[in-house]
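Spelled out from the first residue to the last, the chains are:
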Number of protein chains: 4
Amino acid sequence: MLQTTLIQLDNYGPWTVTPEPQPEMKLQRLQSRLYADLAEWVGTRDGYVFYLRGDNMVGVTNGIARSEHAEIQAAIANQYPVTASVAIGTGSTPAHALSEATKQLQTAGSAQNPDRQSVLRGDALASPDNSQVHVAHFDVNDVTSCYTDQLSAFETYVTIERGYAELMQYMYRTNDALSFFVGGDNVIAICPDLTPAQYRDALDYVRETAELDLKVGVGSGTTARAAGMAAKHALESCRDRDKAVTQLNADGVQPPPGD
Amino acid sequence: MLQTTLIQLDNYGPWTVTPEPQPEMKLQRLQSRLYADLAEWVGTRDGYVFYLRGDNMVGVTNGIARSEHAEIQAAIANQYPVTASVAIGTGSTPAHALSEATKQLQTAGSAQNPDRQSVLRGDALASPDNSQVHVAHFDVNDVTSCYTDQLSAFETYVTIERGYAELMQYMYRTNDALSFFVGGDNVIAICPDLTPAQYRDALDYVRETAELDLKVGVGSGTTARAAGMAAKHALESCRDRDKAVTQLNADGVQPPPGD
Amino acid sequence: MLQTTLIQLDNYGPWTVTPEPQPEMKLQRLQSRLYADLAEWVGTRDGYVFYLRGDNMVGVTNGIARSEHAEIQAAIANQYPVTASVAIGTGSTPAHALSEATKQLQTAGSAQNPDRQSVLRGDALASPDNSQVHVAHFDVNDVTSCYTDQLSAFETYVTIERGYAELMQYMYRTNDALSFFVGGDNVIAICPDLTPAQYRDALDYVRETAELDLKVGVGSGTTARAAGMAAKHALESCRDRDKAVTQLNADGVQPPPGD
Amino acid sequence: MLQTTLIQLDNYGPWTVTPEPQPEMKLQRLQSRLYADLAEWVGTRDGYVFYLRGDNMVGVTNGIARSEHAEIQAAIANQYPVTASVAIGTGSTPAHALSEATKQLQTAGSAQNPDRQSVLRGDALASPDNSQVHVAHFDVNDVTSCYTDQLSAFETYVTIERGYAELMQYMYRTNDALSFFVGGDNVIAICPDLTPAQYRDALDYVRETAELDLKVGVGSGTTARAAGMAAKHALESCRDRDKAVTQLNADGVQPPPGD
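What counts, and at which threshold
Residues numbered from 1 in each chain as written. Chains lettered and ligands numbered in written order. Predicted model: local features only at pLDDT ≥ 70, side-chain atom pairs only at ≥ 80, totals over all residues. Heavy atoms only, no water. Helix = DSSP H or I, 4+ residues; strand = E, 2+ residues; numbered from the N terminus. Rg over C-alpha atoms; globule rule 2.2 N^0.38 Å. Contact = heavy atoms within 4.5 Å. Areas by Shrake-Rupley, 256 points an atom, 1.4 Å probe, with all protein chains shown as cover. Lys, Arg positive; Asp, Glu negative; His and termini not counted. Charge placed at Lys NZ, Arg CZ, Asp CG, Glu CD. Least-squares fit on C-alpha atoms with pLDDT ≥ 70 in both. Buried area = accessible area lost by both parts, 1.4 Å probe. Salt bridge = Lys/Arg side-chain N within 4 Å of Asp/Glu carboxyl O. Polar contact = N/O pair within 3.5 Å; in protein donor to acceptor, adjacent residues only side chain to side chain. Nonpolar A, V, L, I, M, F, W, Y, C, P; charged D, E, K, R; others polar. Buried < 20%, exposed > 50% of the residue type's maximum accessible area, 1.4 Å probe, protein only. Pairing = 2+ DSSP bridges. Right-handed = clockwise from strand over helix to strand, strands pointing away. Axes fitted to C-alpha atoms, helices over the stretch in contact; angles between N-to-C directions. Left-handed = near helix turned anticlockwise from the far one by under 90°. Parallel < 35°, antiparallel > 145°, perpendicular 65-115°, else oblique. Expected span 1.5 Å × (residues − 1).

A. Layout of the overall build of chain A. Across its full length, chain A holds 8 helices and 10 strands. Taking 2.2 N^0.38 as the reference for a compact globule, 259 residues should give roughly 18 Å; the C-alpha atoms of chain A span a radius of gyration of 19 Å, in line with that estimate. Viewed in the frame of its principal axes, chain A has a C-alpha envelope of about 55 × 50 × 30 Å. By sequence separation, contacts in chain A at least 24 residues apart represent 68% of the contacts at least 6 residues apart. Here chain A has roughly 9000 Å² of accessible surface; of this, 46% comes from carbon and sulfur atoms. Measuring between centres, the 19 positive side-chain charges of chain A sit 3 Å from its 32 negative side-chain charges.

Below, the structure written as structure tokens:
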């Protein structure tokens, strides 16, 4: 079972233009600081949280209790001029879990309903829980020499962005996985338990549709952090051994070949 | 003439995995805080700066002197564990200006050359300069009721993301404009002087290729901030008067119809 | 047994003036952000940390393992342009514990020795440990009506500051307690197990030497946070019942009168 | 003429305990981040701002317009969960100027009046204005070798703190100067135009009353930043030439001996 968390700022759009539009750089600053703090609060508890749209952020929160969610929610209210509603959703795939979390907030009221404030919904997985989180960490082969040092910065961005839009959509539609661009040339995907062949299919798809060569390190563990660290080491191993796909579990042991 | 700035973290990729990969949430926190500070430093000087890939950030910096760029660069070095190389590029279109800035850094050395540190390149426009900055602020019609309150948070994201990938590419290829997702359902594009018909063509293109209905407020001024605030007011005016395209200059006066 | 932590920035003084003095507001910003992050990192683990001199910060860290100290130390190095050396000291009184921590760092090298970087010294208490932390939270009676709303802001500050300097010194010399000004009209003291009479003596001393009327809420618990929250509730209880000294343990129960 | 600014959080004390006391580390984090941002906002405009009591902060703001104060005030409201009232005061000495600023806020309402929110009072000096700001930067001789590397961290703190309490009070009562501890072993005083002899008297006073040996660099300029940078260079010059008092103006030229 995967546990995800949807963190949705309450009535944020109207807030940004009331009584009149706030300077964009102030809004960017607010959104970035708030996300930076969430990364801290969720990260300290061994979870992951992603920026998504800034006003809607997504956490992978296996191992984080409902009461800890309440603490994080209170911290937002006490450190920021805005509040957030928070829902925990669990499911057999990342997509199902987030869908579940989203429904809980939608039932609680519209994102622009001024009366819906600091709502907390949903239940965390019972603790301890041995469910595995699977994290896939993708990057672009030779991105610096082929792109960053060659093309205009925006051209590089558009190229990577297009490839990742294809990857994101493919992983979501085909595998019920949730993928997030995390800067540089990196995408982190929260996945079900997939085989190396399924990852190779994804790389093939991106090569064909967007002419972008990727590699991927895959890690597993009982928390997003453990799985994510394993994925990072797996990606380093791809680099060292010139492989396209490497899988490791949280102990650094490569799982038996699955395909 | 438009003035852009490329801010590129020095040798950042290797830094994140030396001596071993850092926890992802620590990296996200670092990147977000650094961007939040840049938004402050550039914003206070009436410019805009966008996150792009996090390790490569793009500023629209008309009116900001080279010496102020040096101050911002020093502030990064003195507040963060990483340094940045910075290049100013000017050109008759946003794309040309950023291409110019990128070339300057590429000539100074690879993004992963450990010897290239805190390089500063390029010249700012002479001051005062009356060149107009044109900012287009796009958003999605009825995004809360049609998407946020209906679909799974990731489904909404994928839908908006795909539409904006199309918009971004269209505006770049057709109009030499640089577009950036700024959170929620908002894209800000730095554009040449375009006609309302050209903006309508962009909206049509997105509707056809991605089935997403957008509107756009366009503003002009001698700085990104002035142009951007006019664009925000223009977007509010679209909302109030149910129009797809509205243009305002920095004084809030609608320019003569250009098509 | 009390566990304290000394966090000392490495070679910080020279860093601030090399190659030439940095703007003061940049230094203030750096020091404040670093402390704000430490407050987060230590606070999340139920400890307290105080600013002291900014380049030397003091934590009360019962319940925080040595490995967690290493994580916090790594976080400083990875988020800031400076590093810190860290020592854990334990002792039967707060003063002894901090003295122990200080000696460990002094033995490791001078605060301005460029070769002493990110040193970690000392051992945490075995876990679990039932040692009680005692926190006394002092404030000034009627500070707003008597001072803030009457005197010049600096006059108020000087008055409070003088009273607190006396309190700090008295508590240290007489009771081996460590007291810290935490803003407003608040001082938090980390104390041995003192009787209400001993607290009343301290209030009397400050009234006589500095003509300042204080009250104090005292709390106990196995962590700084638990003890500190009890102290805050005890202080609220002083306010409600117009008493000078109130003691509570972490469960909110008033301990049997000790004098 | 000197221009100071008092920034007072609105009804902050009650906010920290409503509906119940917030965890101390969250409050410390909030106060530090808010001050760090003020340091940025005031510093970018060439002013200085000091923490004072955290809920009452003091700026030295020669050259900063009232409209810029309004921007800073709006930034607090838009980035934090609290608001601040702000008053500008001018006067022939620092003490008079701050007294003037304080009176303006006191007239506007109590610091704990829930109806006094985001009040802005007072007028900035006409611009341009050639009034000189005088900044004195004190530090302790051989603090690392005599104190930091020898005594317990708290003992060092108490020693420095006591000396600085004497200095602060002496400079205020004798010279109408405002002194602030800024971390490490540094105090920055905003002063009228004093002679070297007057500074030597202050050093003598601290040596006699608190047995602490200080030196001081004094700088002058039309802004706090210019004066403060000159003071820092003057302090470096004290170090190099083993002198107790050095004065420089903003151009780095030593003024004619005044005593």
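So much for the structure itself; the text now carries on.
B. Structural detail: the relation of the copies chain A and chain B. Once chain A is rotated about the relating axis by 180° and shifted along it by 0.0 Å, it coincides with chain B to within an RMSD of 0.0 Å. Here the copies are linked by what is in effect a two-fold axis. Residue A:Ser32, judged by its C-alpha, is the member of chain A lying nearest the rotation axis, at 2.6 Å. Interface overlap between copies: 100% of the residues of chain A at the interface are likewise at the interface in chain B, consistent with a symmetric, same-surface contact.

C. A look at the interface of chain A and chain B. The partner chain B presents 75 residues to the 74 residues of chain A that form the contact. For chain A, the biggest contributors to the area lost against chain B are A:Met25, A:Arg53 and A:Phe154; these three give 14% of the whole. Applying the counting criterion to the chain A and chain B interface returns 10 salt bridges. A salt bridge links B:Lys232 to A:Glu24, with the nearest nitrogen and oxygen atoms 2.6 Å apart. Counting across the chain A and chain B interface gives 36 residue pairs in polar contact (both at pLDDT 80 or more). Of all elements in the fold, only strand E1 (2-9), helix H2 (24-44), strand E2 (48-50), helix H4 (94-108), helix H5 (143-148), helix H6 (153-175), strand E7 (178-181) and helix H8 (224-241) of chain A reach the threshold of two or more residues within the side of chain A that touches chain B. It is H2(A) that provides the largest number of residues to the side of chain A that touches chain B, a total of 15 residues. By residue class, the composition of the side of chain A that touches chain B is 32 nonpolar, 24 polar and 18 charged.

D. Seen up close, the interface of chain D and chain A. Taken together, the contacts link 14 residues of chain D with 14 residues of chain A. Roughly 1300 Å² of surface becomes buried between chain D and chain A when both sides are summed, with 32% attributable to carbon and sulfur atoms. Three residues, D:Arg33, D:Asn78 and D:Gln79, lead the burial of chain D against chain A; their summed loss comes to 44% of the area buried on that side. Where chain D touches chain A, the interface holds 4 salt bridges.

E. Local environment of the pairing of strand E4 (residues 84-91) of chain B. Residues and elements named next belong to chain B. In terms of burial, E4 is a largely internal element, 7 of the 8 residues being buried. Pairing between strand E1 (residues 2-9) and E4: 8 bridges, direction antiparallel. Counterpart to Gln8 in the pairing with E4 is Ser85. Bridge analysis of E4 against strand E5 (residues 120-121) gives 2 bridges, and the strand direction is parallel. Bridging from a neighbouring strand, Val86 pairs with Leu120 of E5. Regarding the hand of the β-α-β motif, the stretch spanning E4, helix H4 (residues 94-108) and E5 is left-handed.

F. Expanded view of the packing of H2(A) against helix H2 (residues 24-44) of chain D. In the contact formed by H2(A) and H2(D), the axes pass within 15 Å of each other and the chain directions differ by 145°. Handedness of the H2(A)/H2(D) crossing: right-handed. Where H2(A) abuts H2(D), its residues A:Lys26, A:Arg29, A:Arg33, A:Asp37 and A:Trp41 lie against D:Lys26, D:Arg29, D:Arg33, D:Asp37 and D:Trp41. For the contact of H2(A) with H2(D), a count of residues per class yields 2 nonpolar, no polar and 8 charged.

G. Spatial organisation of the sheet that holds E7(A). Residues and elements named next belong to chain A. Judged by pairing direction, the sheet is mixed, and its 5 strands sit side by side in the order E7-E8-E6-E9-E10 without closing on themselves. Sheet topology places E7 and strand E10 (245-249) at the edges, where each strand pairs with a single neighbour. Taking each pair of neighbouring strands and ignoring which way they run, the sheet shows an average axis angle of 20°.

H. Quick look at the pattern of salt bridges. Tallying each qualifying case throughout the model produces 60 salt bridges over all chains. Here B:Arg33 ties to C:Asp37 by a salt bridge, and the two come within 3.9 Å at their closest N and O atoms. Here C:Asp37 lies in helix H2 (residues 24-44) and B:Arg33 lies in helix H2 (residues 24-43), a pairing that spans two chains. In this structure B:Arg33 comes out as buried when scored by relative accessible area, which is 9%. Given a relative accessible area of 3%, C:Asp37 falls into the buried group. D:Arg239 is paired through a salt bridge with D:Asp139; the nearest N and O atoms lie 2.4 Å apart. With a gap of 100 residues between them, D:Arg239 in helix H8 (residues 224-241) and D:Asp139 in strand E6 (residues 133-140) connect regions that are remote in the sequence. By relative accessible area, D:Arg239 is classed as partly exposed at 39%. Several salt bridges share partner residues, and in doing so they unite A:Lys26, A:Arg29, A:Arg33, B:Asp37, B:Glu40, C:Lys26, C:Arg29, C:Arg33, D:Asp37 and D:Glu40 into one network.

I. Fine view of the packing of H2(A) against helix H3 (residues 66-79) of chain A. Residue and element names in this part refer to chain A. In contact at an axis separation of 11 Å, H2 and H3 are set at 150° when each is read in the N-to-C sense. As summarised for this structure, H2 and H3 are arranged roughly antiparallel, according to the angle between their axes. As H2 packs across H3, the resulting crossing turns out to be right-handed. Residues Leu34, Leu38, Trp41 and Val42 of H2 pack against Ile72, Ala75, Ile76 and Gln79 of H3.

J. Molecular detail of H8(A). The end-to-end C-alpha separation of H8(A) is 25 Å, in line with the 26 Å expected for 18 residues at 1.5 Å each. Within the sequence span of H8(A), burial applies to A:Ala224, A:Ala227, A:Gly228, A:Met229, A:Ala230, A:Ala231, A:Lys232, A:Ala234, A:Leu235, A:Glu236, A:Ser237 and A:Cys238. Of the surrounding elements, those touching the buried residues of H8(A) are E2, strand E3 (56-60), strand E6 (133-140), strand E9 (214-221) and E10 of chain A together with H2 of chain B. Of the residues trailing H8(A), A:Asp242 is marked for its positive phi of about 55°.

K. The sheet that holds E1(B), seen in detail. All names here are of chain B. Here 5 strands make up an open sheet; going across it, the order is E2-E3-E1-E4-E5 and the pairing mixed. Two strands bound the open sheet, and with one partner strand each, they are strand E2 (48-50) and E5. On top of the sheet, helix H3 (residues 66-79) reaches E1, E4 and E5; it is set at about 155° to E4, its chief contact.

L. Representation of the pairing of strand E1 (residues 2-9) of chain D in the model. All names here are of chain D. For E1, a buried count of 8 out of 8 residues is recorded, marking the element as mostly surrounded by other parts of the structure. Of the two faces of E1, the one holding Leu2, Thr4, Leu6 and Gln8 and the one holding Gln3, Thr5, Ile7 and Leu9 are both buried throughout. As paired elements, E1 and strand E3 (residues 56-60) share 5 bridges and run antiparallel to each other. Among the inter-strand pairings, Thr4 is bridged to a residue of E3, identified as Val60.

M. Spatial organisation of the environment of C:Val58. Residues and elements named next belong to chain C. Its location among the elements puts Val58 in strand E3 (residues 56-60). Put simply, Val58 and Tyr48 are 10 residues apart on the chain and 8.3 Å apart in space, counted from C-alpha to C-alpha. Val58 has contacts with Thr5, Leu6, Tyr48, Val49, Phe50, Leu52, Leu98 and Phe180, leaving out every residue within four places of it along the chain.

N. Region of the structure containing the side chain of A:Gln3. All names here are of chain A. With respect to the helices and strands, Gln3 occurs in strand E1. For Gln3, the side chain forms a polar contact with the main-chain oxygen of Ile64, separated by 3.0 Å. Among the polar contacts made by the side chain of Gln3, one reaches the main-chain amide nitrogen of Leu125 at a distance of 2.9 Å. Aside from chain neighbours lying at most four places away, what touches Gln3 is Gly59, Val60, Thr61, Asn62, Ile64, His69, Ile88, Gly89, Thr90, Ala124 and Leu125.

O. Region of interest: the side chain of B:Gln73. Residue and element names in this part refer to chain B. Among the structural elements, Gln73 can be located in helix H3. For Gln73, the side chain forms a polar contact with the main-chain oxygen of Ala84, separated by 2.9 Å. Beyond its immediate sequence surroundings of up to four residues, Gln73 is in contact with Ala84, Ser85, Val86, Ser118, Val119 and Leu120.

Take it as geometry only, folks, not as evidence of what the structure does.
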